[in-house]
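Per-entry structural report
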Amino acid sequence: MSRQSVAKAHQKIQELAWDPLYHEPVSQYGTDYTFQKAQKKDPLKQVLRSYFPMQEEKDHRVYGASDGAIRGNMFRQVQERWMEWQKLFLSIIPLPEISAARAMPLLFRTVPNPELHNGQAIQMIDEVRHSTIQQNLKRLYMNNYIDPGGFNSSLRDFQNDYCGTIGRQFAEGFITGDAITAASIYLTIVAETAFTNTLFVAMPAEAAANGDYLLPTVFHSVQSDESRHISNGYATLLMALADESNHQLLQRDLRYAWWNNHRVVDAAIGTFIEYGTKDRRKDRESYAEMWRRWIYDDYYRSYLVPLEKYGLVIPHDLIEEAWNQIWNKGYVHEVAQFFATGWLANYWRIDPMTDKDFEWFEYKYPGWYDRYGKWWENYNRLSTPNGHNPIVFEDVDYQYPNRCWTCMVPCLVREDMVYAEVDGVVRTYCHEECRWTDVEAFRPTYQGRETPNMGQLIGHREWETLYHGWNWADVVSDMGYVRDDGNTMVAQPHLNLGDQKKMWTLDHMRRCPPLQSPNVLFNEMSPEEREAYAAKYRQGGPAGRYAPADA
């Protein structure tokens with residue numbers, strides 16, 4: 001089909017749109033933004049009769065690679081450490097994809113541009129396709145990998161897991177609150193334009209290095225669609241910038257969207273890339289190096305900064321702070337340590353770090369061993385049951401962290417923890433920016449302006465609070481993280497499946513102390529006790545260490 005015929009078909013589509021004059025349309029999804037009907041264009045001008053053959057060819061390649069992986073015994077060669085972390089990743093990622101598909105109808109009536117409606121409809125189809133091929137990838141792993149436990153129940157498991165709930169709140173941010181905030185700024189302008197670089201480009205490279213060439217095939221197929229989604233977001237952003245009354249909201253939303261994406265995506269993908277790999281070549285990029293190239297240079301400097309000339313206020317301070325968190329404050333390492341600390345509340349097996357891992361981390365992150373090495377040595381020592389409890393209950397100089405109400409990643413960089421009383425409850429936050437998001441940004445009024453469509457962060461958000469006071473055997477049973485024998489746990493702090501004596505069971509869990517929520521205990525304190533606790537908490541770390549006794 002000629003390019004000219006595609007352009008004509010795309011123009012013809014616009015004739016199918018009209019503004020009804022016989023009634024006032026009902027606003028199904030609200031926004032506090034206003035739009036001028038400027039003649040903004042869809043740069044890609046995609047139409048379905050060119051779109052479907054292209055996607056069909058891409059699907060042939062994906063499913064052909066899947067067949068080749070099975071016939072070529074890929075699952076005999078792939079690293080177990082890598083595959084175990086995919087139980088978490090592939091349980092979460094289909095939800096952001098399908099939430100992105102659900103987000104597009106939010107924009108159909110709020111963005112008055114028929115040309116963009118066509119692009120949004122195609123993006124909706126894209127996102128459904130992405131979720132489908134990712135679910136199929138997970139099914140293949142389940143059917144062919146040595147340990148299907150965790151893959152076989154992940155649709156249920158991820159939303160009540162103490163890590164997976166973080167991903168759930170991230171995905172639900174695409175479809176809640178102000179339609180433009182959620183579906184445009186948070187999703188297309190930040191998540192898809194910035195963070196899919198590490199998600200769908202950097203991570204597949206690490207998968208291939210660990211013998212997994214199926215994930216790269218699937219996720220490169222996904223990433224090839226992102227240019228259309230980025231285009232949708234960019235065109236909507238320019239329309240919003242054309243009305244100066246939107247600038248205040250754009251500044252608010254860009255700050256919120258950037259910070260929440262950083263807290264969740266960097267936490268997850270950074271951990272998978274750094275701690276889920278067995279590839280310890282010195283010339284391999286660390287996650288910090290990937291982030292600097294893919295997000296700081298390619299997104300921030302090449303995409304965001306040029307938009308300043310249109311009046312967009314860029315959150316330079318937050319972007320620099322995100323880099324500071326990753327490079328100077330060890331954010332990814334703190335998250336990986338937290339995931340491993342709570343291995344008993346997960347549904348995958350977390351491999352201990354070895355001397356080879358230690359050497360690589362020290363080479364890429366000088367000073368890493370002094371911060372984290374001793375704790376990982378203790379993790380290895382305590383990985384098989386031998387009369388002791390799981391590491392979270394042992395004396396390894398690790399203070400279990402308070403949970404952040406906003407992003408739901410715990411307050412792992414201890415010096416940054418803040419708190420506030422909201423609606424009669426004291427909430428802890430991992431950073432001042434998360435406190436601002438909850439206390440100021442997500443409110444019916446923002447800086448004196450009525451913002452009724454913004455919504456609020458409500459509900460049962462803290463995993464530990466839901467199980468406060470429970471016996472650990474009951475917690476694991478309630479979540480369903482038990483193998484077919486009814487006693488052996490799905491999660492293990494090692495990869496040894498061959499010796500049943502090395503497997504942790506519900507019997508081991510019954511003798512553990514009851515689960516205690518730091519946030520519940522924090523609310524039970526007096527104001528003076530709370531302030532003293534917070535002051536000492538901020539003096540703790542790195543690696544979750546308690547504050548010095550004389551602090």
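Just above, that's the structure.
We now turn to the structure provided with this report. (Residues numbered from 1 in each chain as written. Predicted model: local features only at pLDDT ≥ 70, side-chain atom pairs only at ≥ 80, totals over all residues. Heavy atoms only, no water.)

Some points on the overall build of the chain
- Assigned secondary structure in the chain consists of 22 helices and four strands.
- A globule of 551 residues ought to have a C-alpha radius of gyration of about 24 Å, and the chain, at 24 Å, matches this closely.
- With the principal axes as the frame, the chain shows a C-alpha extent of 75 × 65 × 45 Å.
- Out of the 551 residues in the chain, the part that is buried amounts to 58%.
- Counting contacts in the chain only where the partners sit at least 6 residues apart, residues at least 24 apart contribute 76% of the total. (Helix = DSSP H or I, 4+ residues; strand = E, 2+ residues; numbered from the N terminus. Rg over C-alpha atoms; globule rule 2.2 N^0.38 Å. Buried < 20%, exposed > 50% of the residue type's maximum accessible area, 1.4 Å probe, protein only. Contact = heavy atoms within 4.5 Å.)

Quick notes on the packing of aromatic side chains
- Under the counting rule described, the total for this entry stands at 50 aromatic pairs.
- Measuring from ring centre to ring centre gives 6.0 Å for Trp368 and Tyr372, while their planes differ by 40°; the resulting arrangement is tilted. Placement of both Trp368 and Tyr372 in helix α16 (residues 368-381) is noted, with a separation of four residues, approximately one turn of the helix.
- Ring geometry for Trp463 and Trp472: centres 6.2 Å apart, planes at 35°, overall tilted.
- A relative accessible area of 7% means that Trp472 is categorised as buried.
- The positively charged end of Arg280 is found above the aromatic ring belonging to Phe361, 4.7 Å away from the centroid.
- Above the face of the Trp405 ring, Arg461 is positioned so that its terminal group lies 5.7 Å from the ring centre. (Phe/Tyr/Trp six-rings, centres within 6.5 Å; stacked < 30°, edge-to-face > 60°. Lys NZ or Arg CZ within 6 Å of the ring centre and 35° of its normal.)

Some words on the side chain of Arg449
- Tracing the sequence through the fold places Arg449 in strand β4 (residues 449-450).
- Within the local environment of Arg449, its side chain forms a polar contact with the backbone oxygen of Asp32, the two atoms lying 3.2 Å apart.
- Residues contacting Arg449, with those up to four places away along its chain left out, are Asp32, Ser245, Gln248, Leu249 and Pro444. (Polar contact = N/O pair within 3.5 Å; in protein donor to acceptor, adjacent residues only side chain to side chain.)

Things to note about empty space enclosed by the protein
- Evaluation of the coordinates by the stated rule reveals two cavities of 30 Å³ or more.
- Every element with two or more residues in the lining of the largest cavity is listed here: α3 (80-92), α4 (94-108), α7 (164-172), α8 (179-209), α11 (247-275) and α14 (331-341).
- Its residues assigned to classes, the lining of the largest cavity shows 24 nonpolar, two polar and five charged. (1 Å grid on protein atoms, 1.4 Å probe; cavity = no way out; pocket = protein on both sides within 12 Å on 5 of 7 lines; lining within 4 Å. Points joined across faces, edges and corners; volume = space filled by probe spheres on them. Nonpolar A, V, L, I, M, F, W, Y, C, P; charged D, E, K, R; others polar.)

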